[in-house]
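# A closer look at the structure
For reference, the chains in residue letters:
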Amino acid sequence: CACVARALWLDFRCTCHFAELHDSDAVGSLLAAHPTVPRAAVCASGCIAAVLPSGVFIANVQRHQQILLYELQYALKVRPPSATASGAIQKDYIAPIARLRHAPFAPSLDHWWQAPAVLELVGRSLSTACFAIIDDFLPLSDYLLLRADARHLFASGRMIRGKIDQGGSYWGDDIASEFINENDIPMKWNAWGNHKVWVGDDDSDAKHVRILPRWTDNLLSRLK
């Protein structure tokens, strides 16, 4: 523990706050900002734990450091854009695309985003900002059909937690249970907390799933 803690302190002391288990005041001060974190899970003797700004915690860092190092490297390398940069993207791309959502379009088109003016803005946004936001990409009726399919897949038992088919053989037995939060401990870091299912266009349990890829492909074809 001491060696791992010292190495983390040397490399990340400007990024992290450190507290020793027996310094109750320091531990209490750090955990006060995250009341949902189970104290017993992060204050165990002979163990190192980390609590992220979101309140998610990483346990047993003394045994495997991959998860914490990933989060620390991410925090060091990824920075939110400045207010000026965010404002420019909003002004140049997001707001104009949103305004065109309510503009009339040619009867030959199926969706508002197929209009040349929208496609031009989306293409410029992708080229300059590396992303584009298209709200109301599908009409509400299509969203409701997709939601109904998702609910049916979940209710029928086909949609499973992402962690169920991942783990040991791929990540290594030593880290598998930590990586996927095998015991479903609240607020503990895990790679897959979502539900998923693989379906095809002709799946009888998801008759409308083809709607989204159909129009996504249409958008990509028009942007070429």
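In short, a report on the structure. (Residues numbered from 1 in each chain as written. Predicted model: local features only at pLDDT ≥ 70, side-chain atom pairs only at ≥ 80, totals over all residues. Heavy atoms only, no water.)

## As for helix H10 (residues 211–223)
- If you check H10, its first and last C-alpha atoms are 19 Å apart, about what 13 residues at 1.5 Å a residue would give, namely 18 Å.
- Buried within H10 we find Ile211, Trp215 and Leu219. Along the axis of H10, the buried residues cluster in a sector spanning 60°; they form a single face.
- Looking at the buried positions of H10, the neighbouring elements they touch are helix H6 (116–129) and helix H7 (140–155). (Helix = DSSP H or I, 4+ residues; strand = E, 2+ residues; numbered from the N terminus. Expected span 1.5 Å × (residues − 1). Buried < 20%, exposed > 50% of the residue type's maximum accessible area, 1.4 Å probe, protein only. Arc of directions from axis to C-beta. Contact = heavy atoms within 4.5 Å.)

## Some details on the nonpolar core
- One finds Trp113, Ile134 and Phe137 to be the most contacted residues of the largest nonpolar core, which totals 16 residues.
- Elements supplying a minimum of two residues to this core: H6 and H10.
- Of the residues forming this core, the biggest block, four residues, is contributed by H6.
- Counting 14 residues, the second largest nonpolar core, distinct from the first, contains Ile48, Leu52, Leu72 and Phe179. (Core = buried A, V, L, I, M, F, W, Y, C linked by side-chain atoms within 4.5 Å.)

## A few points about the packing of aromatic side chains
- Inspection of the entire model under this criterion finds three aromatic pairs.
- On the numbers, 6.3 Å between centres and 35° between planes, the contact of tyrosine 70 with tyrosine 74 is tilted. Of this pair, tyrosine 70 and tyrosine 74 both sit in helix H4 (residues 66–77), four residues apart, roughly one helical turn.
- A relative accessible area of 49% places tyrosine 70 in the partly exposed class.
- Aromatic side chains tryptophan 113 and phenylalanine 137 sit 4.6 Å apart centroid to centroid with 15° between the ring planes, which places their arrangement in the stacked category. Linking tryptophan 113 in the loop between helix H5 (83–100) and H6 with phenylalanine 137 in the loop between H6 and H7, this pair joins segments that are 24 residues apart in sequence. Exposure class is identical for tryptophan 113 and phenylalanine 137. Each is buried.
- A connected cluster of aromatic rings, assembled from ring pairs, spans Trp113, Phe137 and Trp215. (Phe/Tyr/Trp six-rings, centres within 6.5 Å; stacked < 30°, edge-to-face > 60°.)

## So, the side chain of glutamine 62
- Relative to the assigned elements, glutamine 62 resides in the loop between strand S2 (57–58) and H4.
- The contacts of glutamine 62, once residues within four sequence positions are left out, are Cys1, Val4, Gly46, Cys47 and Ile48.

## So, unusual backbone geometry
- One non-glycine residue with positive phi stands out, namely asparagine 60, at about 55°.
- Mapped onto the elements, asparagine 60 comes out in the loop between S2 and H4.
- The class for asparagine 60 is partly exposed, based on a relative accessible area of 22%.
- Residues other than glycine seldom take positive phi values, yet aspartate 136 does so here, at roughly 55°.
- Tracing the sequence through the fold places aspartate 136 in the loop between H6 and H7.
- Residue classification places aspartate 136 among the partly exposed residues on the basis of a relative accessible area of 45%.

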